[in-house]
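Here is what each chain is made of, one letter per residue.
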Amino acid sequence: MTKRPFLGWFVTPAGLIAIGIAASFLAILQYSLRAHVPGMLDPGGFTFDNFTTLLKPAYGKAFITTVLLCFWTALFTLLIGYPLAFAMLRTRSGWVRGAMLIITLTPLFLGEVVRTYSWIIVLGNQGFLNSALLGLGLIDEPISFMFTTMGVVIALVHFTLPIVVIMLAAAIAHIDRKLEQAAFSLGAGRVRVFLTVTLPLSVPGIVAASSTAFAWTFSAFATPQMIGGGQVVTISTLVYQVGFASFNFPLAASLSLAGLLFTIAVLSIFNLGMRRIERQGAY
Amino acid sequence: MLIDPKLQQPAEAVPGQPPARPAVKIDGVSKSFDGTLALEPTWLKIRKGEFLTLLGPSGCGKTTLLNLVAGFLEPDKGELFIDDALVTQVPVHKREIGIVFQNYALFPHMNVLKNVEYGLRTRGVPAAEARDRAMETLRLVKLDQFADRRPKQLSGGQQQRVALARALVIRPKVLLLDEPFSALDRNLRAAMQIELKEIQHSLGVTTIFVTHDQGEALSMSDRIAVMSKGRVRQIGSPEEIYASPADRFVGTFVGDANLLTGTVTTSESGTLTLDLAGTALTLPQSAAPEAAAGETVELFARPEACQLVAPGTPGAVPATVSFAVYQGAHVELHLACPAAAEGPIMLRVPVANVPKVGAAVAVALPEAPVIFTGEAQ
Ligand SMILES: Nc1ncnc2c1ncn2[C@@H]1O[C@H](COP(=O)(O)OP(=O)(O)OP(=O)(O)O)[C@@H](O)[C@H]1O
Ligand SMILES: [Mg+2]
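Residues numbered from 1 in each chain as written. Chains lettered and ligands numbered in written order. Predicted model: local features only at pLDDT ≥ 70, side-chain atom pairs only at ≥ 80, totals over all residues. Heavy atoms only, no water.

Now for the packing of helix 3 (residues 57–90) of chain A against helix 7 (residues 149–173) of chain A. All names here are of chain A. The geometry of helix 3 relative to helix 7 is characterised by a closest axis approach of 6 Å and an angle of 40° between their N-to-C directions. Between helix 3 and helix 7, the angle falls in the class oblique. The handedness of the crossing between helix 3 and helix 7 is right-handed. Residue composition of the contact of helix 3 with helix 7, grouped by class: 22 nonpolar, five polar and one charged. (Axes fitted to C-alpha atoms, helices over the stretch in contact; angles between N-to-C directions. Helix = DSSP H or I, 4+ residues; strand = E, 2+ residues; numbered from the N terminus. Parallel < 35°, antiparallel > 145°, perpendicular 65-115°, else oblique. Left-handed = near helix turned anticlockwise from the far one by under 90°. Nonpolar A, V, L, I, M, F, W, Y, C, P; charged D, E, K, R; others polar.)

Rendered as structure tokens:
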């Protein structure tokens, strides 16, 4: 092999970061296996207690809440994101495409906190949405969005949408238009072409986008914290509460690890499903 | 305008029967993209069961014309009729056409059978009947044993046959094929050409076939429409196109051609005399009735219609052998000739009878060569 002197330089930064991440994971791992000494920031001796604590119903409930939140968010993001991505790609007007792209992507450049704060303004009892609905006479009293799962999902959908639209647009752009033309020529109308050709061929993109949406939502913190206001308890908000309100670092560490393992498991399932689809030779 | 009105007459009637109505009528259809004319106003009538080829170089508007018939494009002007029904405004999926694409465009997420069934299911044919008809069509293209395969698991030729079956199973009013074989290698291509021609003939389906391969056009078509720069230059049977090209473009695009420049010396009382760089040639006046004395014309002759003769033979054009190309069965002789309009003159001679390079020879021209005058040059 010839020596490639610069290659080392190229991978060094990534290598250093990888070492840093690995080290922090090890730190979390060792914290999770240490006893919590109340009133002390330093952990005690070796124990499995933290993981047995996680089996308590309160923690199980946080898991279920988080998974449901992820599920609804992924579902609604897909339902909104797919037509958006489709329209963005298929519009003939470059002006419309540009506008849609900007509206979809700008949220990506605002932090999660800024975005969540604007949702508080929109979703509050005297917020924009309730005022509008009341003004139109559609409702008699304000709907409570704040401190509810629905409110958190609405804000999380907005938070997740840009990344999902980007992934779906890439997948849809990949579909050969000739296939749709062939379906048209065989007598299929627009709806049928979409349902039998375009949509099935977008499945890889949909799977990739939903797994990303899932992981993206699972790790969201500011949104459930600020809009859920303690009423919607997710893994991330719980880690924060346990670690930085009760200063029980060992339990927070074990909770983080459990969340991480869970995410890995879910993504592996998505991945397996994807491989099965690919093995059928369809894509 | 170059298009001879007689070329746009309805396809000739079968003797003893009422004139057949055209399966496809293209009535003054034109199309431009962003202000550039891709297809000039075009009139074409295609008989029921006819195999019509659109032949022309890249960018001449073949695909544009085909997409107009298919309905993927809307004409700027003109009307389209399929089986006497006006379809200009009819969307693609209601036109009852079958299309075979260059890159097959098989649905990758369906197996071969599902692909072929597709057009029947969209028409509401019950599942069992759709299956039977799809299998029957797959048998026609000899692929029934591959019904369960995915398109990716088939070779290029097999995929193209599935595409053909998928287009034929709906019994389309017109079958449209856009360079369907250009992705196949030469041997497979030849086999597919024969197979398509056989199937087309046995089903009697009206077919419009697009190619830029003149060999393919000559061997498969009932009629060929030769196109160039968005315009149909000539429509005729392969024999007509080959033997009596309407203009220089058609003559040189289809087959090998020798072109000689000449000046009309006299054109009267049934005789036309030409001066070909010093050689006097006498022809029947019917070869170029409009040519007037003093006019420059082009004389067109296929290599096989020219003969190598001894220098000095009256009426033969003197030439010098510039080089010879061995081709196995014969030798291609390239001759420098003062009368040649462009490039050398080419002749094919038996291997046993090859003059030396540099030898002075003479070329006897056919008795009734094609003469291009005016715009046809
Ligand atoms: N969608 C389009 N937008 C703009 N110009 C186009 C479009 N489609 C075709 N053209 C132009 O119209 C002309 C004819 O194109 P067309 O595709 O019909 O050629 P073709 O004869 O099929 O060529 P080829 O053998 O390369 O497929 C070309 O000059 C092409 O650039
Ligand atoms: Mg083309």
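Across the contact, 22 residues belong to chain B and 22 residues belong to chain A. Of all residues in chain B, His 93, His 109 and Tyr 118 of chain B give up the largest surface area on contact with chain A, accounting jointly for 29% of the area buried on that side. Counting the contacts that link chain B with chain A gives zero salt bridges. Between chain B and chain A we count six residue pairs in polar contact (both at pLDDT 80 or more) in total. Among the secondary structure elements, those contributing two or more residues to the side of chain B that touches chain A are strand 6 (97–100) and helix 2 (112–121) of chain B. Sorting elements by how many residues they give to the side of chain B that touches chain A places helix 2 of chain B first, with three residues. Considering only residue class, the side of chain B that touches chain A consists of 12 nonpolar, five polar and five charged. (Contact = heavy atoms within 4.5 Å. Buried area = accessible area lost by both parts, 1.4 Å probe. Salt bridge = Lys/Arg side-chain N within 4 Å of Asp/Glu carboxyl O. Polar contact = N/O pair within 3.5 Å; in protein donor to acceptor, adjacent residues only side chain to side chain.)

Glancing now at the confidence of the model for chain B. Residues and elements named next belong to chain B. For chain B, the mean per-residue pLDDT works out to 90, and 95% of the residues sit at or above 70. Below a pLDDT of 50 lies the segment residues 1–14, which in the model reaches 15 contacts outside its immediate sequence neighbourhood of four places, other chains included. Quick note on the complex model: pTM equals 0.84, ipTM equals 0.82. (pLDDT = per-residue confidence, 0-100.)

Let us look at the nonpolar core. Residue and element names in this part refer to chain B. Leu 54, Phe 107, Leu 138, Leu 164, Leu 176 and Ile 208 are the most contacted members of the largest nonpolar core, which totals 80 residues. If you tally residues by element for this core, the top one is helix 4 (residues 156–168), at six residues. Non-local contacts of Leu 138, meaning those with residues more than four positions away in its chain, are made with Val 112, Leu 113, Val 116, Leu 143, Asp 144, Ala 147 and Ala 165. Grouped together as the second largest cluster of nonpolar side chains are 29 residues, Val 321, Leu 333, Ala 340 and Val 361 included. (Core = buried A, V, L, I, M, F, W, Y, C linked by side-chain atoms within 4.5 Å. Buried < 20%, exposed > 50% of the residue type's maximum accessible area, 1.4 Å probe, protein only.)

Below, the discussion takes up the environment of Thr 279 of chain B. All names here are of chain B. Residue position: Thr 279 is located in strand 13 (residues 279–284). For the pair formed by Thr 279 and Ala 310, sequence separation is 31 residues and the distance between their alpha carbons is 15 Å. The residues contacting Thr 279, other than those within four sequence positions of it, are Leu 274, Gly 315, Ala 316, Val 317 and Pro 318.

All names here are of chain A. Enumeration over the complete set of coordinates arrives at one cavity of 30 Å³ or more. Considering only enclosed or pocket space, the largest cavity measures out at about 40 Å³ in volume. For the lining of the largest cavity, the secondary structure elements donating two or more residues are helix 3 and helix 10 (203–218). Ranked by residues supplied to the lining of the largest cavity, first place goes to helix 3 with three residues. (1 Å grid on protein atoms, 1.4 Å probe; cavity = no way out; pocket = protein on both sides within 12 Å on 5 of 7 lines; lining within 4 Å. Points joined across faces, edges and corners; volume = space filled by probe spheres on them.)

Once that is clear, we can look at helix 8 (residues 177–185) of chain A. If you check which residues of helix 8 of chain A are buried, you get Leu 179, Glu 180, Ala 182, Ala 183, Phe 184 and Ser 185 of chain A. Those residues of helix 8 of chain A hidden inside the fold are in contact with helix 3 and helix 9 (190–201) of chain A together with strand 6, helix 2 and helix 4 of chain B. One side-chain oxygen of the residue at the start of helix 8 of chain A lies 3.0 Å from the amide nitrogen of Lys 178 of chain A, identifying that residue as Asp 176 of chain A. Just downstream of helix 8 of chain A lies Gly 187 of chain A, where phi reads positive at about 100°.

The next point concerns the pattern of salt bridges. Following the criterion strictly, the structure yields 18 salt bridges over all chains and no others. The residue Asp 222 of chain B makes a salt bridge to Lys 197 of chain B at a minimum N-O spacing of 3.6 Å. With Asp 222 of chain B in the loop between helix 6 (214–220) and strand 9 (223–228) and Lys 197 of chain B in helix 5 (residues 186–203), this residue pair connects regions lying 25 residues apart in the sequence. The structure contains a network of salt bridges with shared partners spanning Arg 90, Arg 177 and Glu 180 of chain A.

The next subject is the site of ligand 1. Residue and element names in this part refer to chain B. What surrounds ligand 1 is the set Phe 33, Ala 38, Pro 57, Ser 58, Gly 59, Cys 60, Gly 61, Lys 62, Thr 63, Thr 64 and Glu 179. One of the backbone N or O atoms of Gly 59 is found 2.7 Å from an oxygen atom in ligand 1. One of the side-chain nitrogen or oxygen atoms of Glu 179 is found 3.3 Å away from an oxygen atom of ligand 1. Expressed as a share of its isolated accessible area of 640 Å², the protein-covered part of ligand 1 is 56%. The class makeup of the residues in the shell around ligand 1 is four nonpolar, five polar and two charged. (Near = heavy atom within 4 Å. Areas by Shrake-Rupley, 256 points an atom, 1.4 Å probe, with all protein chains shown as cover.)

This paragraph deals with a positive patch on the surface. Together, Arg 192 of chain A together with Lys 114, Arg 121 and Arg 131 of chain B line one region of the surface with positive charge. Its location among the elements puts Arg 121 of chain B in helix 2. Its relative accessible area of 35% is what places Arg 121 of chain B among the partly exposed residues. (Patch = residues over 30% accessible without salt bridge, like charges linked within 9 Å, V, L, I, M, F, W, Y side chains within 5 Å. Lys, Arg positive; Asp, Glu negative; His and termini not counted. Charge placed at Lys NZ, Arg CZ, Asp CG, Glu CD.)

Turning our attention to a nonpolar patch on the surface. On the surface, a nonpolar cluster with roughly 750 Å² of combined accessible area is contributed by Ile 64, Leu 68, Phe 71, Trp 72, Leu 75, Phe 76, Leu 79 and Ile 80 of chain A. Along the chain, Trp 72 of chain A turns up in helix 3.

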